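# Coordinate analysis (summary)
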Amino acid sequence: MRKLSVRDLDVQGRRVFVRVDFNVPLAEDGSISTDARIQASLGTIQFLLKRRATVILASHLGKPDGKPDPKLSLRVVADRLSEILGKEVLFAEDCIGPETRKLVSEAPPAAVILLENLRFHPGETANDPEFCKELAGLGERYVNDAFGTAHRSHASTAGMAELFERPAAGLLMEEEIRYLASVLEAPRHPHVAIIGGSKVKDKAGVIANLLPQVDKLLIGGGLMFDFLKAQGKEIGKSISTGDSIRRAQELARNPKLVLPVDVVVAPDPDSGDKARAVPVDKIPKNQMGLDIGPKTVELFQSVLDGARTVVWAGPMGMFEKQPFDKGTTEIARTVVGLTDKGSTTVVGGGDSLAALYKFGFRDRVSHASTGGGACLQFLEGRVLPGIRALGDAYRAIRTPIVAANWKMHKVPSEARKFASELVQELRGVRNREVLVFPPTAALQVVCYELTNSVVACGGQNIHWEKSGAFTGETSAKFLVDIGCSHVLIGHSERRHLFGETDELCARKVRAALEAGLVPVFCCGEKLAEREDDRTFAVLERQLSIGLEGITEKDELVIAYEPVWAIGTGRTATPAQAQEVHRWIRSWVLRSISLEAADRTRILYGGSVKPDNIDDLMDERDVDGVLVGGASLDRESFARIVRYQT
Ligand code: PEP
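Residues numbered from 1 in each chain as written. Predicted model: local features only at pLDDT ≥ 70, side-chain atom pairs only at ≥ 80, totals over all residues. Heavy atoms only, no water.

## Brief notes about the overall build of the chain
Regarding its fold elements, the chain presents 26 helices and 23 strands. In summary, the chain has a C-alpha radius of gyration of 27 Å against a globular reference of 26 Å for 645 residues, a match within 12%. The dimensions of the chain, computed from C-alpha atoms along their principal axes, are 80 × 65 × 40 Å. By residue count, 57% of the 645 residues in the chain fall in the buried class. Put simply, 74% of the contacts in the chain that link residues at least 6 apart link residues at least 24 apart. Per element, the accessible surface of the chain, about 26,400 Å² overall, is 49% carbon and sulfur. Counting 83 positive and 86 negative side-chain charges, the chain places the centres of these two groups 3 Å from one another. (Helix = DSSP H or I, 4+ residues; strand = E, 2+ residues; numbered from the N terminus. Rg over C-alpha atoms; globule rule 2.2 N^0.38 Å. Buried < 20%, exposed > 50% of the residue type's maximum accessible area, 1.4 Å probe, protein only. Contact = heavy atoms within 4.5 Å. Areas by Shrake-Rupley, 256 points an atom, 1.4 Å probe, with all protein chains shown as cover. Lys, Arg positive; Asp, Glu negative; His and termini not counted. Charge placed at Lys NZ, Arg CZ, Asp CG, Glu CD.)

## A closer look at the sheet that holds strand 6 (residues 168-169)
The sheet built from 6 strands is open, its strands ordered 3-4-2-1-5-6 with parallel pairing. Every other strand in the sheet has two partners, leaving strand 3 (89-92) and strand 6 as the edge strands with one partner each. Strand direction decides the pairing type here: strand 1 (residues 15-19) and strand 5 (residues 141-144), joined by 4 bridges, are parallel. Considered in strand 5, the bridge of V18 is made with V143. The sheet contacts of helix 2 (residues 42-50) involve strand 1, strand 2 (54-58), strand 4 (112-115) and strand 5, and relative to strand 2 the element is tilted by about 155°. Against the sheet, helix 4 (residues 98-106) contacts strand 1, strand 2, strand 3 and strand 4, and its axis sits at roughly 160° relative to strand 3. (Pairing = 2+ DSSP bridges. Axes fitted to C-alpha atoms, helices over the stretch in contact; angles between N-to-C directions.)

## Quick notes on the sheet that holds strand 22 (residues 601-605)
In spatial order, the strands read 16-17-18-19-20-21-22-23; together these 8 strands close into a barrel with parallel pairing. The average undirected angle you get between the axes of adjacent strands in this sheet is 25°. Sheet topology note: the strand 21 (residues 557-560)/strand 22 ladder contains 4 bridges and is parallel. Residue Y560 lies in a different strand from strand 22, and its bridge partner there is Y604. In this fold helix 23 (residues 574-591) packs onto strand 20 (518-523), strand 21 and strand 22, with an angle of close to 150° to the strand it touches most, strand 22.

## Things to note about the domain arrangement of the chain
Put simply, an interface is often sized by how much accessible area is lost when its parts join up. When cut into domains, the chain gives domain 1 (6-176), domain 2 (189-342) and domain 3 (401-641). Spacing between the C-alpha centres of domain 1 and domain 3 amounts to 40 Å. With 6 residues of domain 1 at the contact, the number on the domain 3 side is 5 residues. Summed over both sides, the interface between domain 1 and domain 3 buries roughly 480 Å², with carbon and sulfur atoms accounting for 29% of that surface. Contact with domain 3 buries surface across domain 1, with R7, D8 and K50 losing the most and accounting together for 65% of the total. Counting every contact that joins domain 1 to domain 3 gives 3 salt bridges. Linking D618 and K50 is a salt bridge whose minimum nitrogen-to-oxygen distance equals 2.9 Å. Inspection of the domain 1/domain 3 interface yields 2 residue pairs in polar contact (both at pLDDT 80 or more). Taken together, the residues of the side of domain 1 that touches domain 3 break down into 1 nonpolar, no polar and 5 charged. (Domains from an automatic or database assignment. Buried area = accessible area lost by both parts, 1.4 Å probe. Salt bridge = Lys/Arg side-chain N within 4 Å of Asp/Glu carboxyl O. Polar contact = N/O pair within 3.5 Å; in protein donor to acceptor, adjacent residues only side chain to side chain. Nonpolar A, V, L, I, M, F, W, Y, C, P; charged D, E, K, R; others polar.)

## Some details on the site of the ligand
Of all residues adjacent to the ligand, which total 15 residues, the nearest are K407, E561, G567, S607 and G629. Note that an oxygen atom of the ligand is positioned 2.9 Å from one of the side-chain N or O atoms of H491. G629 places a polar main-chain atom, nitrogen or oxygen, 2.8 Å from an oxygen atom of the ligand. In the complex, the protein chains occlude 97% of the 300 Å² of accessible area that the ligand would expose alone. When the residues that make up the shell around the ligand are grouped by side-chain class, the tally is 5 nonpolar, 8 polar and 2 charged. (Near = heavy atom within 4 Å.)

## Section: the packing of aromatic side chains
Evaluated as defined, the whole model comprises 7 aromatic pairs. An angle of 20° between the planes, with centres 6.2 Å apart, marks the rings of F17 and Y142 as stacked. Taken together, the positions of F17 in strand 1 and Y142 in strand 5 put the pair 125 residues apart, joining distant regions of the chain. With respect to burial, F17 and Y142 carry one shared label: buried. The interplanar angle of 85° and the centroid separation of 5.2 Å between the aromatic rings of W406 and F418 together place this pair among those described as edge-to-face. Of this pair, W406 sits in the loop between strand 16 (401-405) and helix 16 (412-425) while F418 sits in helix 16, and the two are 12 residues apart along the sequence. Aromatic ring contacts, followed pair by pair, group F17, Y142 and F164 into a single cluster. Taking the ring centre of F47 as reference, the NZ or CZ of R51 above it sits at 3.7 Å. The side chain of R432 reaches across the aromatic face of Y643, ending 3.9 Å from its centre. (Phe/Tyr/Trp six-rings, centres within 6.5 Å; stacked < 30°, edge-to-face > 60°. Lys NZ or Arg CZ within 6 Å of the ring centre and 35° of its normal.)

## What about the packing of helix 2 against helix 3 (residues 75-85)?
With their axes 12 Å apart at the nearest point, helix 2 and helix 3 run at an angle of 65° to one another. Of the two elements, helix 2 crosses helix 3, and the hand of that crossing is right-handed. Residue-level contacts link L42, I45 and Q46 of helix 2 to L81, I84 and L85 of helix 3. Among the residues making up the contact of helix 2 with helix 3, the classes are represented as 5 nonpolar, 1 polar and no charged. (Left-handed = near helix turned anticlockwise from the far one by under 90°.)

Take a look at the structure:
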């Protein structure tokens, strides 16, 4: 799913209208009970402020029914945002009208303005064209960061987007789309879905859409009782929505579905002291099922063992009340454990998110969706109006790669120790692919240490033949056997110290792909070549010979490593890196395909350090980094991996 991102827009010094989801929960006294939704949009706001854009924020709050309601004013949010940002947030008393236009047009660069509740006007939910025009008139650019409202076809989420030439997704929206699309479109297997919550009606669409993609789908929560009833079992006083039984019956025919084997029952939700577990075919008539039982937890854990992608929507039981929170807690713990081992774990739906908060696991999964209904509709395979309005076909959202080239450092015993420490240090890292390239002699021990971790391993070089009389060489087959997934090809030290030619690189690229390794193809110009303005000519030669015959089906990573920046302490500026990365992407587009240009990660390498990583990663075509010197120190490398967090 390709969408334009805020990172693709020219926002420098512009007035940028940002639709955010500041629909925060309010306490009785009108104060904000949790500011998670405000925090979630900070990435986009800071990104724009850094570029001295005037940030015009717009949101709804509650359901004021198209007229002003002082209890639902966004002023409290303006105050909280101002505290968080440590700067003034100008508050516009109305989201449209002459006063607001004046405030916006007179605001200096890098000002933040929050407009009053959009739903104080009936035009918002009616997607009224005149209201859309009024809103659109405030900004020169339009960004939608309100994933939680993307399932609504309202003026600020859909209608006004059409009035901009290049409507774009904010960073939060981008992350939501990336994760949710990845579990639907390109999951790593085994892929297991866990579906809970109270009603089959709410989740039937999600189950039906996920079943073709997953290897197993676990059913828990209140909706399990419709499935049990569909099998003719007695469910006592447990919840069941009668009309969904037939739907449950149809879905249950699929062999991928895994149903609970026992449930925790009690006379009612307030009789936790009388709770006990019973097999699913022994639920007493006068009892109510309120959680999955311990045998089911074990069964689910065994199915989840080794899963590389997990999508979870809906709690396993009535987690708000003890002791019926056990099933949900245990499954949450298992999902967190899988995240720590490098699996992609995506949690969606309002109740599951509330459960993650309750157990303190909010930040311990790969992605916890901020959208309740929007997330479920996305997982049902529906096209959400707010996402559709962002247009398509600009670029895919690419998971960043942070790679370490250890060169000829660390003998196997040191490398092994370092790898095991790194695995500990990087526990819980999300939203990154981490790769290490140890010396050949250390590959085996390092791969062993990295088993089931977030870090993958690759070789620094290969021979192009599979085997034979090539004393001192190692082929792709050896690397695959050891457990490597990647290989560096054409590193400048190999090109310039060992005389590797473009033709030789091409043979190695082919050998890697044939063996199932992902080539990380390095390219870059020398200082004299840059000074002679020959950078793009050199790259054209290196890429067109080295990557000859590559097709859209081949997975490939390209690393731009200007020779003058490697190991010299002279990093390319973010703008220099972006200029070349953009050129490389257009080369991939010209020479392979649009799909490949969208998907291919282009890394920057050359004196990357903890203090320059954040700015480099701000650039839209920089999809990660290849780090030499700074990767030899655990703390520096970990800091680079966790950039911008
Ligand atoms: C490298 O060797 O690929 C590299 C980028 O090294 P350094 O980070 O030390 O410049």
